[in-house]
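Chains, contacts and geometry: an overview
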Amino acid sequence: MNRLADIESATATDFILRQRRTVTIMCGIVGWIDWRRDLREERSTIAAMIRSMALRGPDAEGSWVSRHAFIGHRRLSIIDLEFGRQPMSTVAVDPFILSYAGEVYNFVELRQELARAGHEFRTRSDTEVVLRSFLEWGRESFVRLRGMYGFAIWDSGRDELWLVRDRFGIKPLYYLPTSSGVIFGSEPKAIFANPTVKPELDATGIAELFALSTAPTPGHGVYKGLYQVKPGEAIRVSRRGVESHNYWSLAATEHRDSLEDSVDHVRRLLEEIVEQQMVSDVPLGGLLSGGLDSSAIAAFAARTAQRRGEKLPTFSVDFPDGQAEFIPSAWQDSWDEPFALEVSRHVGTDHRTILVTPESALTHENAVLHSRDLPGWGELDTSLYFLFKQVRQHTTVALSGESADEVFGGYPFFHNRDALAYSGFPWLLDKSSPWTLFRAEVESAIRPADYVESRYREALEEVPTIEDENEIDKRMREVSYLALTRWLPAMLDRKDRMSMATGLEVRVPFCDHHLVDYVWNLPWRYKNEGGEGKSLLRRAVADLLPQSVLRRRKSGFPSNPNRQYLASLRQRTLELLSTPGAPVFELVDPAKVAELLEQGRPLPSPRASASPTAGMSYLLNLDSWLRQYNVDISYH
């Protein structure tokens, strides 16, 4: 493409170039393309759409509007507020306009390459690097980006919109095609702020919510007519319609490195990735549960901080009397806090434990629902939200160990023979899903079991293969693919929504595509040496962590074990059963709920790991969502 152009960033026409290493921003993007309307006359709708993203960007807002295109932005700025405003545009008769959210970690290298090609930069922001990359290389620029992002580029000369999302869907991006264009935003609420759109739930949306919350179908937006840009996808919207372009996907290649060389390569990659993701001019810390994954990231980050003469702050979550009331499970073998404290002492961090009380969990339920725009995972969400809210008081950016289990094969279902032999998503084996509470007529119309089977078969058909691969490696490649493309997006979406709602940017080093591309093609025996899950990762960080953590089994985010919290949820569920016209009972059979409560059995929840509170929390969340969002239900 190679279209050199001046860049205009809001009001910055004359400015002092700040000597900063990076610009850290967390944002919300919105937009509306309509070939039949004059959007210059839709000021109130435009204002409402921008305002809906206030939590993702409370510091500043901006918009660019022409006859048929509106591009908007909300910004949470850490530095360079004056000169990094968005939307960012080229100064031209037919400008390019960019609204961008996220981080591109290799922007310095890209900037240097673009400068050699003749580009002159007016800011130090990665936003300008993304825009100039598109000017130089067009859609080929997307594959050059390394990071987490969701952005929109409007090409006013061609009347084309590009919507682009990072390779793993770390940052969300939704769109809703209309008869005369498209409406898009970082979250569904941005789209529903447009009065031409009404929240509706049809049969497939109901199936996604009740049957596949932990294996969401890529691109499905749950609401009727709503889509997500898929991970690694670029969407082009023009007068001809909507076209999809995949710029990245997992590729199967034969792995030729020895085990020792593979361990060394993973170690080098992790060192490079963590150091790259620590580039920031704002307070940066780590989320430290005491598990292998977060501990490894904290250890690398602590070393980098120490070289800078700093001490890394780290944070964990705990509950009142949590250890005393803790009950081990396949998903949480041991209580986190003692391990988190041990790692902190071992690697030298400034550690704080965030205590989540029953009162704090209940207080933040509505904030969590507003952040999700959909029913979430109950108290797991509220606990995570409260943790992030407290962390934000001390730091602005936090490194997370998320996705190591998907990459290196750490979850229980990777090691359960029955789960591996199961003809469905392995983590759903023997799991009672919320759809088992359906009213008879709803189950008959939705056919959730058939829906899950169909989606599973679709996923298997996508898996790249290697000729003559042995049966074990073939099956483990399939399970790893399922984990990375179905399970992981649900985990990342939860983390993004809870963090962005509190003004905290969470970075996920294990989602770097260089690491994932490499590890995904390792033979299973490398990842599971001696039957020890994530053995390769353990070897790569063996010199950094205490032996207790290196030997520790997988332990997921803890459930709130507090009996007072359980009693509160039970009382509220009983009250819901006696509430006339409760919308959740258009779908759920109240008699089934009452029977389980009378028997003292937990209600089914969308979570893979069971807990006494999860099902009740989810049911209450569903009812609140249907009420607050005024969702129309149609499943026939």
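Above this text is the structure in question.
What you are looking at is a predicted structure, and each value in this text was computed from that prediction instead of being measured. (Residues numbered from 1 in each chain as written. Predicted model: local features only at pLDDT ≥ 70, side-chain atom pairs only at ≥ 80, totals over all residues. Heavy atoms only, no water.)

A closer look at the packing of helix α22 (residues 563-577) against helix α23 (residues 590-599)
- Interhelical geometry of α22 versus α23 gives an angle of 145° and a closest axis separation of 11 Å. Considering only the axes of α22 and α23, their crossing is left-handed. Residue-level inspection shows R570, T573, L574 and L577 of α22 in contact with α23, the latter providing P590, V593, A594 and L597.
- Looking at side-chain class alone, the contact of α22 with α23 contains six nonpolar, one polar and one charged residues. (Axes fitted to C-alpha atoms, helices over the stretch in contact; angles between N-to-C directions. Helix = DSSP H or I, 4+ residues; strand = E, 2+ residues; numbered from the N terminus. Left-handed = near helix turned anticlockwise from the far one by under 90°. Contact = heavy atoms within 4.5 Å. Nonpolar A, V, L, I, M, F, W, Y, C, P; charged D, E, K, R; others polar.)

Some details on the packing of aromatic side chains
- Within the structure shown, the criterion is met by 24 aromatic pairs.
- Centre to centre, the rings of F210 and F438 are 4.8 Å apart; their planes meet at 45°, and the pair counts as tilted. Separated by 228 residues along the polypeptide, F210 in helix α5 (residues 203-211) and F438 in the loop between α14 (417-421) and α15 (440-446) bring together distant segments of the chain.
- With 5.4 Å between their ring centres and 20° between their planes, Y411 and F413 make a pair best called stacked. Neither residue differs from the other here; Y411 and F413 are each classed as buried.
- An aromatic cluster is present here, built from F96, Y100, F134, F142, Y149, F151, W162 and Y247 joined pairwise through their rings. (Phe/Tyr/Trp six-rings, centres within 6.5 Å; stacked < 30°, edge-to-face > 60°. Buried < 20%, exposed > 50% of the residue type's maximum accessible area, 1.4 Å probe, protein only.)

Some details on the nonpolar core
- Counting residues in each nonpolar core, the largest one holds 97 residues, and the members touching the most others are F425 and W625.
- Sorting elements by how many residues they give to this core places helix α17 (residues 471-500) first, with eight residues.
- Those residues in contact with F425, other than ones at most four positions away along the chain, are L212, A215, V452, R455, Y456, A459, L482 and R486.
- By size, the runner-up hydrophobic cluster in this structure holds 84 residues, among which are Y100, V129, L488 and L515. (Core = buried A, V, L, I, M, F, W, Y, C linked by side-chain atoms within 4.5 Å.)

Looking at the side chain of S605
- Take S605: it is sitting in the loop between α23 and α24 (614-628).
- Aside from chain neighbours lying at most four places away, what touches S605 is K431, S432, S433, P434, A614 and G615.

Details of unusual backbone geometry
- Its identity as a non-glycine residue notwithstanding, R447 has a phi of 50°, on the positive side.
- Locating R447 in the fold gives a position in the loop between α15 and α16 (448-462).
- Even without glycine at this site, D468 takes up a positive phi of about 65°.
- If you trace the backbone, D468 turns up in the loop between α16 and α17.
- With a relative accessible area of 75%, D468 lands in the exposed category.

A word on the layout of surface pockets
- Quantified by volume, the second largest pocket comes out at close to 460 Å³.
- For the second largest pocket, the lining is made up of 20 residues, of which P218, P231, E462, Y481 and T485 are closest to its centre.
- Put simply, the parts of the chain that give the lining of the second largest pocket at least two residues each are β14 (241-246), α16 and α17.
- Here the lining of the second largest pocket gets five residues from one element, more than from any other, and that element is α17.
- Looking at side-chain class alone, the lining of the second largest pocket contains nine nonpolar, five polar and six charged residues. (1 Å grid on protein atoms, 1.4 Å probe; cavity = no way out; pocket = protein on both sides within 12 Å on 5 of 7 lines; lining within 4 Å. Points joined across faces, edges and corners; volume = space filled by probe spheres on them.)

Here we look at the pattern of salt bridges
- By the definition in use, this model includes 50 salt bridges.
- For D336, the salt bridge is made with R552, and the minimal N-O distance between the two is 2.8 Å. Placement of D336 in the loop between α8 (322-325) and α9 (337-347) and of R552 in the loop between α21 (547-550) and α22 is noted, with a sequence separation of 216 residues between them. For the pair formed by D336 and R552, the shared burial category is buried.
- Here the residues in one salt-bridge network are R56, K171, E187, K189, R372, D373, D381, D493, R494, D496 and R497, joined through shared partners. (Salt bridge = Lys/Arg side-chain N within 4 Å of Asp/Glu carboxyl O.)

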